Amino acid sequence: MTNPLKIGIAGGGIGGLAAACALQRQGHDVTVFEQSREYLRVGADINLTPNAVRALDGLGAGIAAAARASAARPTHRISRTWDTGEETSRLPMSDAAERQYGAPQLTIHRADLLAALAEAFPRERVRFASRCERIEETEDGVAVRFADGGEARGLDVLVGADGIHSAVRAAMFGADAPRFTGVVAFRAVVPTERVKDVPDIGAFTKWWGPAPESQIVTFPLNQGRDTFVFATTAQDAWHEESWTTEGSVEELRGFYADFHPHARALLDACDSVLKTALYERDPLPRWSQGRLTLLGDACHPMMPFMAQGAGMAIEDAVVLARALEGVAADAVPHALRRYEQARLERTARIQVGSRGNNWLRAGGNADWVYGYDAWQVPLAEPAAA
Ligand SMILES: Cc1cc2nc3c(=O)[nH]c(=O)nc-3n(C[C@H](O)[C@H](O)[C@H](O)COP(=O)(O)OP(=O)(O)OC[C@H]3O[C@@H](n4cnc5c(N)ncnc54)[C@H](O)[C@@H]3O)c2cc1C
């Protein structure tokens, strides 16, 4: 039997914790380095489509049950035209998705998903308040220097799961800033009781606006007690990227004043709203180098229009763990290339598709996204470097 690998994961977000759970189940010696002092109850929605739920379910019955305890199961995925309200596509989700893809769609508060993963991974293996700053590969493995002066040495693998501003990515490819897209997003949560008369309130509904970046998405949250509202629009003047900055509900309503009354009713019900600018990067040609690799937003941050950001991070985590299963320390670079090879094409296609924002607008087949099984996808030999 091969010795367990000593694996460090930079970032204890959804992707980092999913990878930690998957790698630990294989017996590896895993430590998560997280910059925050604590898991914070920050953010709101996470939309997990069937491909993401299937990947998550394989991480253990405890995680699957904990996620389902607070999530909602949207009944359908519906597209509507912003002004007329005309329905342009309708996919059955919930039980129908479970029959077709082996898992339903779940919509869940980000903090509840994080808590489900955190519960399954030993807390003493998370080193909080550890912001990774300097990363180098030495003869004894990877060394990481933290902002507080501490360090970790001798890692067989370092996984950069440290989000869109990844320090691991910068160590591998040089520092460069993500690109402002010219689009801002508003997020709000309203009690469903207030909007219960809006048709199909239990569905995931996307109101396609007059411009590609203009849309309102709504879906149930917290087992349907709440409804989540996510609206995007072009706004060049606002560059602040934040999960906690308050926006103005009057501004929100102003942007969508010409939308159909059912869409406007959702905005009228909002008491408060969060606002953030959206950033993205282009697909990378590769993201593994020696004993370093990336996952999630660190390597493929994307626009939210296909709702696949968290799903891609969870799929990455599963495929990474499969590629490192039973691998000896000297075979790590090869295993990381196999992981990357299995993921590059899919994540790039979804990054580009998310930017184009046309997916399922007028129907179409969702199987290539929802039908993907991270636990079964073949791990081929990497192309020569
Ligand atoms: C606080 C927060 C709130 C969010 N809220 C939402 C939301 O409401 N809706 C939504 O759709 N998406 C939200 N997202 C984004 C979404 O979670 C991610 O796009 C997606 O899940 C991909 O996850 P990830 O693990 O790759 O990256 P992230 O979720 O961004 O996680 C990265 C983790 O790495 C940590 N980190 C960053 N840099 C370092 C470093 N140098 N050293 C150590 N640790 C580091 C961060 O603190 C974070 O915990 C949020 C992200 C964050 C960080």
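Residues numbered from 1 in each chain as written. Predicted model: local features only at pLDDT ≥ 70, side-chain atom pairs only at ≥ 80, totals over all residues. Heavy atoms only, no water.

Focus: the site of the ligand
Alright, step 1. The local shell around the ligand holds 29 residues, among which Gly-15, Glu-34, Ala-44, Asp-45 and Asp-297 are the closest.
Alright, step 2. The separation between an oxygen atom of the ligand and a polar side-chain atom of Arg-110 is 2.9 Å.
Alright, step 3. Those elements that provide at least two residues to the shell around the ligand are α1 (14-25), β3 (45-48) and α9 (309-324).
Alright, step 4. At three residues, α1 tops the list of elements feeding residues into the shell around the ligand.
Alright, step 5. Along the lines of polarity and charge, the residues of the shell around the ligand split into 11 nonpolar, 11 polar and seven charged. (Near = heavy atom within 4 Å. Polar contact = N/O pair within 3.5 Å; in protein donor to acceptor, adjacent residues only side chain to side chain. Helix = DSSP H or I, 4+ residues; strand = E, 2+ residues; numbered from the N terminus. Nonpolar A, V, L, I, M, F, W, Y, C, P; charged D, E, K, R; others polar.)

With respect to helix α2 (residues 50-57)
Alright, step 1. Among the eight residues of α2, seven are classified as buried, and the element is accordingly described as predominantly covered.
Alright, step 2. Looking only at α2, the buried set comprises Pro-50, Asn-51, Ala-52, Val-53, Arg-54, Ala-55 and Leu-56. (Buried < 20%, exposed > 50% of the residue type's maximum accessible area, 1.4 Å probe, protein only.)

Quick word on the environment of Arg-264
Alright, step 1. Along the chain, Arg-264 falls in helix α8 (residues 261-268).
Alright, step 2. Distance from Arg-264 to Gly-254, taken between C-alpha atoms, is 10.0 Å for residues 10 residues apart in sequence.
Alright, step 3. Setting aside residues no more than four positions away along its own chain, Arg-264 makes contact with Tyr-256, Ala-257 and Phe-259. (Contact = heavy atoms within 4.5 Å.)

Some remarks on the domain arrangement of the protein chain
Alright, step 1. Here the protein chain is described as being made up of domain 1 (6-74 + 107-177 + 282-370) and domain 2 (179-280).
Alright, step 2. With 29 residues of domain 1 at the interface, the matching set in domain 2 holds 29 residues.
Alright, step 3. Joining domain 1 to domain 2, the criterion identifies three salt bridges.
Alright, step 4. Linking Arg-187 and Asp-45 is a salt bridge whose minimum nitrogen-to-oxygen distance equals 3.3 Å.
Alright, step 5. Here domain 1 is connected to domain 2 by 10 residue pairs in polar contact (both at pLDDT 80 or more).
Alright, step 6. Mapped by element, the contributors of at least two residues to the side of domain 1 that touches domain 2 are β3, α3 (61-70) and β6 (106-109). (Domains from an automatic or database assignment. Salt bridge = Lys/Arg side-chain N within 4 Å of Asp/Glu carboxyl O.)

Topic: the environment of Gly-363
Alright, step 1. For Gly-363, the location among the structural elements is in the loop between α10 (332-356) and α11 (367-370).
Alright, step 2. A residue is classified by how much of its surface remains accessible, and Gly-363, at 29% relative accessible area, is partly exposed.
Alright, step 3. Note: C-alpha distance between Gly-363 and Thr-88 (275 residues apart in sequence) is 6.8 Å.

Remarks on the sheet that holds strand β1 (residues 6-10)
Through backbone hydrogen bonds, the strands of a sheet pair up, either in parallel or in antiparallel fashion.
Alright, step 1. Taking strand neighbours across the sheet as the criterion, the six strands line up as β7-β2-β1-β11-β18-β17 in an open arrangement whose pairing is mixed. In this open sheet, the two strands that pair with only one neighbour each are β7 (126-127) and β17 (288-289).
Alright, step 2. Summarising the sheet, β1 and strand β2 (residues 29-33) pair through five bridges and their orientation is parallel. Residue pairing across strands places Gly-8 opposite Thr-31, the latter belonging to β2.
Alright, step 3. Along the sheet, α1 contacts β1 and β2; its crossing angle with β1, the most-contacted strand, is approximately 165°. (Pairing = 2+ DSSP bridges. Axes fitted to C-alpha atoms, helices over the stretch in contact; angles between N-to-C directions.)

What to know about the packing of α9 against α10
Alright, step 1. Running from N to C, α9 and α10 cross one another at 160°; their axes reach a closest spacing of 8 Å. Compared by their axis directions, α9 and α10 come out roughly antiparallel. Viewed along their axes, α9 and α10 form a crossing whose handedness is right-handed. Between α9 and α10, the contacting residues are Met-312, Glu-315, Asp-316, Val-319, Leu-320, Ala-323 and Leu-324 on the first element and Ala-335, Leu-336, Tyr-339, Ala-342, Arg-343, Arg-346, Thr-347 and Ile-350 on the second.
Alright, step 2. The residue inventory of the contact of α9 with α10, partitioned by class, reads 10 nonpolar, one polar and four charged. (Parallel < 35°, antiparallel > 145°, perpendicular 65-115°, else oblique. Left-handed = near helix turned anticlockwise from the far one by under 90°.)

Considerations on the pattern of salt bridges
Alright, step 1. Under the definition given, this model contains 29 salt bridges.
Alright, step 2. Among the salt bridges present, the one from Asp-200 reaches Arg-80, with a minimum N-O distance of 3.0 Å. Separated by 120 residues along the polypeptide, Asp-200 in the loop between β12 (179-191) and β13 (204-208) and Arg-80 in strand β4 (residues 76-81) bring together distant segments of the chain.
Alright, step 3. Residue Asp-200 is classed as partly exposed on the basis of its relative accessible area of 27%.
Alright, step 4. Ionic pairing is found between Arg-179 and Asp-282, a salt bridge with its closest N-O pair at 3.0 Å.

Examining the packing of aromatic side chains
For any pair of aromatic rings, geometry is given as the distance between the ring centres together with the angle between the planes.
Alright, step 1. In the structure shown here, the tally under the stated rule is 14 aromatic pairs.
Alright, step 2. Three or more aromatic residues link up through ring pairs in this structure, and these residues are Trp-82, Phe-186, Phe-255, Tyr-256 and Phe-259.
Alright, step 3. Geometry around Trp-238 places Lys-275 over its ring, the cationic atom sitting 3.9 Å from the centre.
Alright, step 4. The cationic tip of Arg-349 hangs over the ring face of Trp-368; the distance from NZ or CZ to the ring centre is 3.7 Å. (Phe/Tyr/Trp six-rings, centres within 6.5 Å; stacked < 30°, edge-to-face > 60°. Lys NZ or Arg CZ within 6 Å of the ring centre and 35° of its normal.)

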